[in-house]
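# Descriptive structure summary
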Amino acid sequence: MYRYNDFDNAFVRERIRQFRAQVQRRIVGNLTEDEFKPLRLMNGLYLQLHAYMLRVAIPYGTLNAQKMRQLALIATRWDKGYGHFTTRQNIQYNWPKLSDVPDILEDLAVVQMHAIQTSGNTIRNVTADHFAGAAADEIEDPRPYAELIRQWSTDHPEFQFLPRKFKIAVTGSPHDRAVTRAHDIGLRMVRNGAGETGFEVIIGGGLGRTPIMGKVLRGFLPARDLLPYLEAIVSVYNLLGRRDNKYKARIKITVREHGIEAIRQRVETDFVLRRNSFAGADQALLNDIQNSFRPPVFIDAPVNSFDVARKNDPDFDMWVKTNLTGHKHPGYAIVTISLKTPGGTPGDATAQQMQVMAELAERNGHDELRVSHEQNIILPHIHKSHVPDVYNALHAVGLATANIGLVSDIIACPGMDYCALATARSIPIAQEIAARINELKLERDIGPLKIKISGCINACGHHHLGHIGILGLDRAGVENYQITLGGEATENAQLGERAGPGFAAREIVPAIERLIHAYLARRKNPSETFLETYRRLGLEPFKVALYGEGRTRHAA
Amino acid sequence: MSNHTTIMVVTANDLIDGDAVWLTPDKDWTRDIRKAETIENERAAQSRLGEAESHPGKVIGPYLAEVRHGPAGAEPVHFREIFRTRGPSNYPHGKQEIDPGVEAEIEAEIEERICVSV
Ligand code: SF4
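### Description of the overall build of chain A
Within chain A, the secondary structure is distributed over 18 helices and 21 strands. By the compact-globule yardstick of 24 Å for 556 residues, chain A fits well, its C-alpha radius of gyration being 23 Å. Counting every position in chain A, which comprises 556 residues, the buried fraction comes to 63%. Taking as baseline every contact in chain A between residues at least 6 positions apart, the subset at least 24 positions apart corresponds to 67%. Put simply, chain A shows about 20,600 Å² of open surface, and 51% of that area lies on carbon and sulfur atoms. If you average the places of the 68 positive and of the 61 negative side-chain charges in chain A, the two averages end up 5 Å apart.

Written out as structure tokens, the structure reads:
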């Protein structure tokens, strides 16, 4: 894991010192809210519905035990004993007091963490494949590049006042788990004919009000050119991006208005000029960074205990089937810990659960943890002989839910239970769907099915990319839920299609149930997934399931 | 707009802990919406809001919200404002934690109104 150098440390400490003084001046009334708001946002502090919310950056979703323990400690010391892991691989605390925030930031700095650039029109926390460094299909660990981007973008003087926020995602695997097509810039590692590593550079993706899948700007960018090329893109956007209308300010609209060809020309021209000014300093830095991402020293040991445990304990075996993924090193597995306990809040973990996950990472996981954009926690390197122990420890704190990729592994944004921008709640909808699925005992039979819920058009819950997407809206003062179908968040990313009029809160769970039954009735065989059936049959039969034959149903 | 008078309250969030608060007739802030000053005239509402904005040391983000008269005082109309009187639905945190009574009294009616479909 990357460790702060003296410069990083001094920078973070100085920012806390400044923010402490700013908070003080706000509290005694020397700063108005208009003056203070941009300052608090720069430090990740939002005002939500019932309280402030502090968003803490977890660069490319990577944590070690020490950091996770500190997050647990902050949850206990300053919040209500839990934290919420988000679709941006960050953690949010829902109840901080303004006067405590500088102290919370001090606690974060102790473990080299902060809340800088988690808000505002800057380059936000870089996200990455949560299986980075462990995935069997990986070309190279993308995190050194993500860290390079983090260092380059943090406090970059040219990019502190972009037209709008800017999000970059990186993956090192052909299987795209980082949703690169839904980011302002998506980087997919590829090899060229000569076997050299580089990136396919995708720009102009994004969800929200105007969902657009990113377009390829460059099919192969040599890895050494990454920073000058990124700088050229952001610089062209900084110049062309619209500042007159916040809804047209993201790069996806810039690309739409100018055309990808015109953008490409400008970027390539700018890139040539910038490349010279980099003069290799970035490569020296990358080299240093790569040293701190050396793979762990993997062990070689027999895995009989794992096989025996699978035979003897059907619950364990079930969990293994859903929550384990193949690892690049023989004998190892990637363990996904589900934060989607039926009845729980998607993405929430208590301080005690965080402690246990930290402990397991330290004891059995080469001191590594990841946060996934699907709001789960990953132990990327667990030797199979340790998996039964890990499972038992997780089980003891309610973290052994065996549902990864299944219906109840739902992404849900905070929605109107917390978020000031929300138009409806999302958490209770996720809870009710999970509870209903649990009652029906059909989850295993249904197989892979991703439900994603957002509480407003901003789409933090990625609803457009859900096999079933749910968007909560306010229809004449009543919560109303719109369904989209057929979205996908993989390397074949695709936006879902709107099924029709929305449903009232009490109608949405039965509507989802009808969709599921329609799928079960029509699939060719049990191995055809919901998405495959949908792709084969199209919207129509699902529309009928939702609204009835030939009936135009009006929304609530 | 409809022809019934819109009844308004000034609401905001507490500067330190961010909890929802409402302006009272004696120009203080309360955490109990029922004690809020109800204003039935648009001009008066705007001027109260202006006053609220002028004490930034206590609250953050004041705005006008619609209410109606209930047996014990002002009651929220929109579901967002209803949530602000109690807290999130996934944990008993926020106002419902501090004063479960507040929640209990309005709970039944709230449920009825949030769930009205069509
Ligand atoms: S999608 Fe909307 S409601 Fe959900 S977290 Fe994002 S802004 Fe808030």
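Moving on from the coordinates now.
### Overview of the packing of helix H3 (residues 65–78) of chain A against helix H12 (residues 351–364) of chain A
Residues and elements named next belong to chain A. Contact geometry of H3 with H12 gives a least axis separation of 8 Å together with a crossing angle of 170 degrees. Judged by the inter-axis angle, H3 sits roughly antiparallel to H12. Contact residues: H3 offers Ala65, Met68, Arg69, Leu71, Ala72, Ala75 and Thr76, while H12 offers Ala351, Met354, Gln355, Met357, Ala358, Glu359 and Glu362. In the contact of H3 with H12, the residues fall into nine nonpolar, two polar and three charged.

### Topic: the sheet that holds strand E4 (residues 82–85) of chain A
All names here are of chain A. Pairing in this open sheet of five strands is antiparallel, and the strands run E1-E2-E5-E4-E13 from one edge to the other. Unpaired on one side and paired on the other, strand E1 (45–47) and strand E13 (348–350) mark the two borders of the sheet. On average, adjacent strands in this sheet sit at an angle of 30 degrees to one another, irrespective of strand direction. In this structure, E4 lies alongside E13, joined through three bridges in antiparallel fashion. In the strand pairing of E13, Gly83 is matched with Ala349. Each of E1 and strand E2 (52–56) is contacted by helix H2 (residues 33–42), which is oriented at about 125 degrees to E1, the strand it contacts most.

### Focus on empty space enclosed by the protein
It is a probe the size of a water molecule, rolled over the atoms, that shows where empty space is left. Residue and element names in this part refer to chain A. One pass over the structure, following the stated rule, counts eight cavities of 30 Å³ or more. Taken as a whole, the largest cavity holds about 120 Å³ of empty space. Lining the largest cavity are Met1, Tyr2, Tyr4, Pro59, Tyr60, Thr62, Lys67, Gln112, Met113, His114, Glu147 and Arg150. Class assignment of the residues belonging to the lining of the largest cavity gives a composition of six nonpolar, three polar and three charged. Taken as a whole, the second largest cavity encloses approximately 100 Å³ of empty space. Along its surface, the second largest cavity is lined by Ala57, Pro59, His114, Ile116, Gln117, Ile123, Arg124, Asn125, Val126, Arg150, Ser153 and Thr154. Of the residues belonging to the lining of the second largest cavity, the class tally is five nonpolar, five polar and two charged.

### Considerations on the side chain of Gln22(A)
Inspection of the secondary structure puts Gln22(A) in helix H1 (residues 6–27). What Gln22(A) contacts, discounting residues up to four positions off in sequence, is Leu31(A), Phe36(A), Leu39(A) and Asn43(A).

### What about the layout of surface pockets?
Residues and elements named next belong to chain A. Of the pockets and cavities examined, the second largest pocket occupies roughly 610 Å³. As for the second largest pocket, its lining consists of 28 residues, and the residues nearest its centre are Phe131, Arg177, Glu374, Lys450 and Thr490. For the lining of the second largest pocket, the secondary structure elements donating two or more residues are helix H11 (314–323) and strand E11 (324–326). The residue makeup of the lining of the second largest pocket, split by class, is seven nonpolar, 12 polar and nine charged.

### Let's talk about the sheet that holds strand E14 (residues 369–371) of chain A
Residue and element names in this part refer to chain A. Taken in spatial order, the five strands of this open sheet run E3-E14-E15-E12-E11, and their pairing is antiparallel. One side of each edge strand has no neighbouring strand; the edge strands of this open sheet are strand E3 (62–63) and E11. Inspection of the sheet shows E3 paired to E14 by two bridges, in the antiparallel sense. When the bridges of E14 are listed, Leu63 appears paired with Leu369. The sheet contacts of H11 involve E11 and strand E12 (332–337), and relative to E11 the element is tilted by about 50 degrees.

### Comments concerning the environment of His258(A)
Residue and element names in this part refer to chain A. As for its position among the elements, His258 is in helix H7 (residues 251–258). For His258, a relative accessible area of 34% translates into the label partly exposed. Apart from the residues within four sequence positions on either side, His258 is in contact with Leu240 and Ile263.

### Things to note about the site of the ligand
Close contacts around the ligand come from Cys413(A), Pro414(A), Gly415(A), Cys419(A), Leu421(A), Ala422(A), Gly455(A), Cys456(A), Asn458(A), Ala459(A) and Cys460(A), and that covers them all. Its residues assigned to classes, the shell around the ligand shows eight nonpolar, three polar and no charged.

### Looking at the packing of aromatic side chains
All names here are of chain A. All chains considered together, the criterion is met by 19 aromatic pairs over all chains. Look at Tyr534 and Phe542: their rings are 5.6 Å apart centre to centre, the planes differ by 50 degrees, and that puts the pair in the tilted class. Overall, Phe542 belongs to the buried group, its relative accessible area being 0%. Taken together, the aromatic side chains of Phe306, Phe316, Trp319 and Tyr391 make up a single cluster linked through ring pairs.

### Regarding H7(A)
All names here are of chain A. For H7, every residue scored as buried is listed here: Ile251, Lys252, Ile253, Thr254 and Val255. Contact partners of the buried residues in H7: strand E9 (197–203), helix H6 (226–240) and helix H8 (260–278). Positive backbone phi, at 90 degrees, marks Gly259, one or two positions downstream of H7.

### Focus: the domain arrangement of chain A
One widely used convention gives an interface's size as the accessible area the parts lose upon coming together. Residues and elements named next belong to chain A. Assigned domains within chain A: domain 1 (6–110), domain 2 (142–293), domain 3 (304–396) and domain 4 (411–555). Relative to domain 4, the C-alpha centre of domain 1 lies at a distance of 34 Å. Around 740 Å² of area is buried between domain 1 and domain 4 when both sides are counted, 58% of it from carbon and sulfur atoms. Sorting the residues of domain 1 by area buried against domain 4 places Gln48, Leu49 and Thr87 first, and these three jointly supply 58% of that buried surface. One can count zero salt bridges joining domain 1 with domain 4. Scanning the region where domain 1 abuts domain 4 turns up five residue pairs in polar contact (both at pLDDT 80 or more). Here the residues of the side of domain 1 that touches domain 4 sort into four nonpolar, six polar and no charged.

### So, helix H13 (residues 387–396) of chain A
All names here are of chain A. Buried within H13 are the following residues: Val387, Pro388, Val390, Tyr391 and Leu394. Looking straight down H13, one finds its buried side chains confined to an arc of 160 degrees; they lie on one side. Residues of H13 that are buried make contact with helix H10 (304–312), H11, E11, E12, H12 and strand E15 (377–383). Positive backbone phi, at 70 degrees, marks Gly398, one or two positions downstream of H13.

### Focus on the interface of chain A and chain B
Taken residue by residue, the interface counts 36 residues in chain A and 30 residues in chain B. When chain A packs against chain B, close to 2,800 Å² is buried across both sides, 59% of that on carbon and sulfur atoms. Across the contact surface, chain A and chain B share one salt bridge. A salt bridge links Lys80(A) to Glu97(B); its shortest N-O distance comes to 3.0 Å. At the surface where chain A touches chain B, the tally comes to 11 residue pairs in polar contact (both at pLDDT 80 or more).

Reading the values: rules and limits
- Residues numbered from 1 in each chain as written.
- Chains lettered and ligands numbered in written order.
- Predicted model: local features only at pLDDT ≥ 70, side-chain atom pairs only at ≥ 80, totals over all residues.
- Heavy atoms only, no water.
- Helix = DSSP H or I, 4+ residues; strand = E, 2+ residues; numbered from the N terminus.
- Rg over C-alpha atoms; globule rule 2.2 N^0.38 Å.
- Buried < 20%, exposed > 50% of the residue type's maximum accessible area, 1.4 Å probe, protein only.
- Contact = heavy atoms within 4.5 Å.
- Areas by Shrake-Rupley, 256 points an atom, 1.4 Å probe, with all protein chains shown as cover.
- Lys, Arg positive; Asp, Glu negative; His and termini not counted.
- Charge placed at Lys NZ, Arg CZ, Asp CG, Glu CD.
- Axes fitted to C-alpha atoms, helices over the stretch in contact; angles between N-to-C directions.
- Parallel < 35°, antiparallel > 145°, perpendicular 65-115°, else oblique.
- Nonpolar A, V, L, I, M, F, W, Y, C, P; charged D, E, K, R; others polar.
- Pairing = 2+ DSSP bridges.
- 1 Å grid on protein atoms, 1.4 Å probe; cavity = no way out; pocket = protein on both sides within 12 Å on 5 of 7 lines; lining within 4 Å.
- Points joined across faces, edges and corners; volume = space filled by probe spheres on them.
- Near = heavy atom within 4 Å.
- Phe/Tyr/Trp six-rings, centres within 6.5 Å; stacked < 30°, edge-to-face > 60°.
- Domains from an automatic or database assignment.
- Buried area = accessible area lost by both parts, 1.4 Å probe.
- Salt bridge = Lys/Arg side-chain N within 4 Å of Asp/Glu carboxyl O.
- Polar contact = N/O pair within 3.5 Å; in protein donor to acceptor, adjacent residues only side chain to side chain.
- Arc of directions from axis to C-beta.

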